[in-house]
Amino acid sequence: MSLDYVKATPGFEKYMPKDYRDLIEHGPFGKKVSVAQVGTFKEVLEEHPMCAGCAMTLFIRLSLIALPNPEDTITVGTAGCGRLALSQAAIPFVYGNYGDTNAVASGLKRGLMTRFPDKTKDVVVMAGDGGLADIGFSMLMHSWFRKEKFTTIMLDNEVYGNTGGQESGMTNKGSVLKMAPLGKKFEKIDMPDLAKTAGCAYVAVVVPNNPRRVEQSIKKAVLIAREVGPTYIQAYTSCNIEYAIPTDKVMEDAKNVENDRYQFKEYITEDAKQYLAEKWGYKEYAKKAIQTTEVAK
Amino acid sequence: MYLVANIDPQICGATSCTLCTQFCPEANTIQYDKVRKTAFVAVDRCKGCAQCVWVCDNMAKHHAIKMIMIDQLPEEFASKLTKTMSYEQEDLKSSPINK
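Summarised in this report is the structure supplied together with it. (Residues numbered from 1 in each chain as written. Chains lettered and ligands numbered in written order. Predicted model: local features only at pLDDT ≥ 70, side-chain atom pairs only at ≥ 80, totals over all residues. Heavy atoms only, no water.)

### Examining the overall build of chain A
- Along chain A, the regular secondary structure elements total 11 helices and 7 strands.
- Relative to a compact globule of 297 residues, whose C-alpha radius of gyration would be 19 Å, chain A shows 19 Å and is just as compact.
- Counting over 297 residues, chain A shows a buried share of 55%.
- With the model as given, the accessible surface of chain A reaches about 12500 Å², and the carbon-plus-sulfur share is 55%.
- Taking the 38 positively charged and 36 negatively charged side chains of chain A as two groups, their mean positions are separated by 3 Å. (Helix = DSSP H or I, 4+ residues; strand = E, 2+ residues; numbered from the N terminus. Rg over C-alpha atoms; globule rule 2.2 N^0.38 Å. Buried < 20%, exposed > 50% of the residue type's maximum accessible area, 1.4 Å probe, protein only. Areas by Shrake-Rupley, 256 points an atom, 1.4 Å probe, with all protein chains shown as cover. Lys, Arg positive; Asp, Glu negative; His and termini not counted. Charge placed at Lys NZ, Arg CZ, Asp CG, Glu CD.)

Below, the structure is given as structure tokens:
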């Protein structure tokens, strides 16, 4: 959980695999990297068994690049496709039981705050729509009600993709799937609004066909979660197997869905704006903070 | 035999938009060569999903990427495997977060 854990024992460097040496010498640890520099540094994510052309993989890859301090981050996941890639990253990964990701993350974050009071350690939950909106729903909501300071990222593929295509709470009304042959009978759960009501300091809805926007949203979410309160990001990461999308059309589908029902939305509280402006130099929020104080005078 | 992405260095080098490096779902697969100013594919990691082809054709509109059989790769790029790749570190700039 520090820069020391990505070092080889002196004298053994030449015996380490090339991937590991690249990670030590050219990885993102201790530096600030961005999506624009991709392809010129070694990413923390390694080869993984997720399907070819999966949009969820793309989103996870972008998120791991966007983490402000990868060396001081722990990811928490659960059963579902996302864990296949998350467990292959050079970031400590906790595999929660189905449903308890946010409870595990709450304990983890509190433990880290007690153990390392003078350091900042980030906890990021990354789980699917089933793991968060259906099975983990109560843990998720209660972590928000308690204002636990960590980031929750939902990888919303709108289906239980790993188990053969059952409908989830996040599936759209009317969607016909292999294990929902009559079509879904009720509406998609409105998680972003629930997050706002439950007290999240930052809520964003993103689609991975805009990598820079994904990066910015995740950076803001992780930074705000350090001091202000819980943050939530919902990402559309289509399942090209269950929804039968040809792999080369995945981004076209993401674009269509973005125009149809997944427009970029961002909600940020005044406290969070002020925190970003004062501590991290976000100019777009600094101006607004000044304007409001002038009005108050 | 199977298909992998192949980037035409001439077309890519003329624009260097780097969009494909950002849209590839696989990590460390489409890399950027700063000397030749072109993206290239680490073919041993490519899963052949052709998302980069769609991005290059429809978003960047450069038409520089084609799917080809792995035994028909041009020689210079066939040697671009993970084992032989090298990274250049000095160009890492600070992001806005680092201010």
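### Re the nonpolar core
- If you look at the biggest cluster of nonpolar residues, it comprises 56 residues, and the most contacted ones within it are Phe 59, Ile 60, Leu 64, Ile 153, Ile 218, Ile 233 and Leu 276 of chain A.
- Take this core: its biggest share by element is 9 residues, from helix H2 (residues 55–66) of chain A. (Core = buried A, V, L, I, M, F, W, Y, C linked by side-chain atoms within 4.5 Å.)

### A closer look at the interface of chain B and chain A
- If you look at the interface, chain B gives 35 residues, while chain A gives 45 residues.
- Where chain B abuts chain A, roughly 3500 Å² becomes buried across the two surfaces, and 54% of that area is made up of carbon and sulfur atoms.
- Put simply, chain B and chain A have 2 salt bridges between them.
- Residue Asp 19 of chain A is joined to Arg 45 of chain B by a salt bridge in which the shortest nitrogen-to-oxygen separation is 3.5 Å.
- Remark: the boundary between chain B and chain A carries 14 residue pairs in polar contact (both at pLDDT 80 or more).
- Of all the elements, helix H3 (residues 51–60) of chain B adds the most residues to the side of chain B that touches chain A, at 4 residues.
- When grouped by side-chain class, the residues that make up the side of chain B that touches chain A number 15 nonpolar, 10 polar and 10 charged. (Contact = heavy atoms within 4.5 Å. Buried area = accessible area lost by both parts, 1.4 Å probe. Salt bridge = Lys/Arg side-chain N within 4 Å of Asp/Glu carboxyl O. Polar contact = N/O pair within 3.5 Å; in protein donor to acceptor, adjacent residues only side chain to side chain. Nonpolar A, V, L, I, M, F, W, Y, C, P; charged D, E, K, R; others polar.)

### Regarding helix H7 (residues 191–198) of chain A
Residues and elements named next belong to chain A.
- Within the sequence span of H7, burial applies to Met 191, Pro 192, Ala 195 and Ala 198. In an axial view of H7, the angular spread of the buried residues amounts to 130°, which keeps them on one side of the axis.
- Elements in contact with the buried residues of H7: helix H5 (129–134), helix H6 (137–145), strand S4 (151–156), strand S5 (202–206) and strand S6 (231–236).
- Within two residues after H7, Gly 199 carries a phi angle of roughly 105°, on the positive side. (Arc of directions from axis to C-beta.)

### Quick look at the pattern of salt bridges
Residue and element names in this part refer to chain A.
- Evaluation of the coordinates by the stated rule reveals 24 salt bridges over all chains.
- The salt bridge partner of Asp 72 is Lys 121, with a shortest N-O separation of 3.1 Å. One end of the pair, Asp 72, is in the loop between H2 and strand S1 (73–77); the other, Lys 121, is in the loop between helix H4 (101–115) and strand S3 (122–128), and 49 residues separate them in sequence.
- You can call Lys 121 buried: its relative accessible area is 4%.
- Salt-bridge contacts for Glu 187 lead to Lys 173; the nearest nitrogen and oxygen are separated by 3.9 Å. Placement of Glu 187 in the loop between S4 and H7 and of Lys 173 in the loop between S4 and H7 is noted, with a sequence separation of 14 residues between them.
- Judged by its relative accessible area of 52%, Glu 187 is exposed.
- When salt bridges with common partners are traced through the structure, they connect Asp 156, Glu 158, Lys 188, Asp 260 and Arg 261 into a single cluster.

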